[in-house]
Amino acid sequence: MSKPAKLILTWDIEPQTESEYFEFMVSEFIPGTNRLGLSDIQAWYTLYGNCEQILFTAIANSPDQMRRILISDTWEKLQTRLSDLVVNFQQKVIEDASGGFQL
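Computed from a prediction, not measured in an experiment: that's the story for all the values here.

## Here we look at the packing of aromatic side chains
Argument step 1. Per the stated rule, a full pass over the model turns up 9 aromatic pairs.
Argument step 2. Aromatic side chains Trp11 and Phe89 sit 6.2 Å apart centroid to centroid with 15° between the ring planes, which places their arrangement in the stacked category. Residue Trp11 is located in strand β1 (residues 5-13), and its partner Phe89 is located in strand β4 (residues 86-94); the two are separated by 78 residues in the primary sequence.
Argument step 3. Relative accessible area serves as the criterion here: at 0%, Trp11 is assigned to the buried category.
Argument step 4. Here the aromatic rings of Tyr21 and Phe22 are separated by 5.0 Å at their centres, their planes lie at 75°, and the arrangement is edge-to-face.
Argument step 5. Classification of Phe22 by relative accessible area gives partly exposed; the value is 38%.
Argument step 6. Ring pairs connect the aromatic residues Trp11, Tyr21, Phe22, Phe24, Phe29, Tyr45, Phe56, Trp75 and Phe89, which therefore count as one cluster.
Argument step 7. For Arg81, the ring lying beneath its charged end belongs to Phe24, and the centroid distance is 5.7 Å.

If you want it as structure tokens, here you go:
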């Protein structure tokens, strides 16, 4: 049986797009990632500190499923729209997210 894979995204919200950003996250990005097959979706907002403002994580059942999701047209559209609203975007995939905390 394949181990789950974790998607880790970080970014900062463009200050002039905050309202539009939050609307997009709630109505499109989070539901869209869920429809693609990602689960255990979490988004963390940093209020204080010298780090990225948002940390977003989601789990796929396997590394193969994660690869299929990340090359899909739907993911590309979601990520393109997100890039209009954020800066300092980074993406990382942990192919064996079966235990503990991943960085």
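## Here we look at the pattern of salt bridges
Argument step 1. In total, this model carries 4 salt bridges according to the counting rule given.
Argument step 2. Put simply, Arg81 and Glu20 hold a salt bridge, and the shortest N to O gap is 2.4 Å. Placement of Arg81 in helix α3 (residues 73-83) and of Glu20 in helix α1 (residues 18-35) is noted, with a sequence separation of 61 residues between them.
Argument step 3. Look at Arg81 and you get partly exposed, because its relative accessible area is 26%.

Calculation rules
Residues numbered from 1 in each chain as written. Predicted model: local features only at pLDDT ≥ 70, side-chain atom pairs only at ≥ 80, totals over all residues. Heavy atoms only, no water. Phe/Tyr/Trp six-rings, centres within 6.5 Å; stacked < 30°, edge-to-face > 60°. Helix = DSSP H or I, 4+ residues; strand = E, 2+ residues; numbered from the N terminus. Buried < 20%, exposed > 50% of the residue type's maximum accessible area, 1.4 Å probe, protein only. Lys NZ or Arg CZ within 6 Å of the ring centre and 35° of its normal. Salt bridge = Lys/Arg side-chain N within 4 Å of Asp/Glu carboxyl O.

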